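What follows is each chain in one-letter form.
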Amino acid sequence: MRFSDLTPYRIPGFEMRRLTPADKPRLMAIRDAVMAVLPDPRWYFSMEDEEIDEWLAQEGVVGYLDGEVLAGFGAIASADQRGDHSYARVLGEPAQNTFDFHDVMVHPAYRGHRMHQQLLSLFTQSARELGGTAIYATVDPENSASWHNFEKAGYVCVVTQPAYDGRDRRYYRLML
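1. A word on the sheet that holds strand S3 (residues 69-78)
Here is step 1 of the chain: Pairing is mixed across the open sheet formed by seven strands, whose spatial order is S1-S2-S3-S4-S5-S7-S6. Edge strands, defined here as strands with exactly one partner in the open sheet, are strand S1 (15-18) and strand S6 (156-163). Put simply, the sheet's adjacent strands are angled 25° from each other on average, direction ignored.
Here is step 2 of the chain: Bridge count for strand S4 (residues 98-106) against strand S5 (residues 134-139) is three bridges, and the pairing is parallel. The residue of S5 that forms the bridge with Thr98 is Ala134.

The following block contains the structure:
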């Protein structure tokens, strides 16, 4: 994924950059920190090791770093990259030129810095520049902090239905 200029999405005090395979240990550490404080671990469908490698190789992951600590990150991929797992395809909608915002995490110690919102804005702008028609995301129905961020950014819940291992997810779509 080609990203537009990262400068408008920077947050003072943090380095913002595309993550690489060398950042995998940082990504695993933030996942563990977030999972440890979730009110219900079912809110987050854990990333598989192979998925993380794929995301980092496809260059679709952007993060905020505080020194060596990954404070927050987001991952996006095109429907073509996601294949049958594309959210548009799962919903039976046209998938051409769509993207999936398929992961976002902010370390508990760094919440309140607008990282989630900044990543949503960055990915929206980048998808538009690439000719995208829509961005999709899924959120657990009980994770109101996350789905409120998506709704504030203009995403609309199109359906709540089982996903992944059968757990309910809200499917959100932002038309571009």
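There is more to say, and it comes next.
2. A few points about the packing of helix H1 (residues 24-37) against helix H2 (residues 49-58)
Here is step 1 of the chain: Closest axis-to-axis distance for the H1/H2 pair is 11 Å, and the angle between their directions is 130°. With respect to H2, the axis of H1 lies oblique. Considering how the two elements wind past one another, H1 and H2 form a crossing that is right-handed. Across the interface between the two elements, Lys24, Leu27 and Met28 of H1 pack against Asp49, Ile52, Asp53 and Leu56 of H2.
Here is step 2 of the chain: For the contact of H1 with H2, the residue count by class is four nonpolar, no polar and three charged.

3. Regarding the nonpolar core
Here is step 1 of the chain: Within the largest apolar cluster, 29 residues are counted, with the highest numbers of intra-cluster contacts made by Phe101 and Tyr155.
Here is step 2 of the chain: When residues of this core are traced back to their parent elements, those giving at least two are strand S2 (61-66), S3, S4, helix H5 (115-129), S5, helix H6 (144-152) and strand S7 (167-175).
Here is step 3 of the chain: In terms of residue count, the dominant contributor to this core is H5 (six residues).
Here is step 4 of the chain: Those residues in contact with Tyr155 that sit more than four places away from it in its chain are Phe101, Leu120, Thr124, Ile135, Ala137, Phe150, Tyr172, Arg173 and Leu174.
Here is step 5 of the chain: In this structure, Trp43, Ile52, Trp55 and Val61 belong to the second largest nonpolar core, which totals 16 residues.

What counts, and at which threshold
- Residues numbered from 1 in each chain as written.
- Predicted model: local features only at pLDDT ≥ 70, side-chain atom pairs only at ≥ 80, totals over all residues.
- Heavy atoms only, no water.
- Pairing = 2+ DSSP bridges.
- Helix = DSSP H or I, 4+ residues; strand = E, 2+ residues; numbered from the N terminus.
- Axes fitted to C-alpha atoms, helices over the stretch in contact; angles between N-to-C directions.
- Parallel < 35°, antiparallel > 145°, perpendicular 65-115°, else oblique.
- Left-handed = near helix turned anticlockwise from the far one by under 90°.
- Contact = heavy atoms within 4.5 Å.
- Nonpolar A, V, L, I, M, F, W, Y, C, P; charged D, E, K, R; others polar.
- Core = buried A, V, L, I, M, F, W, Y, C linked by side-chain atoms within 4.5 Å.
- Buried < 20%, exposed > 50% of the residue type's maximum accessible area, 1.4 Å probe, protein only.

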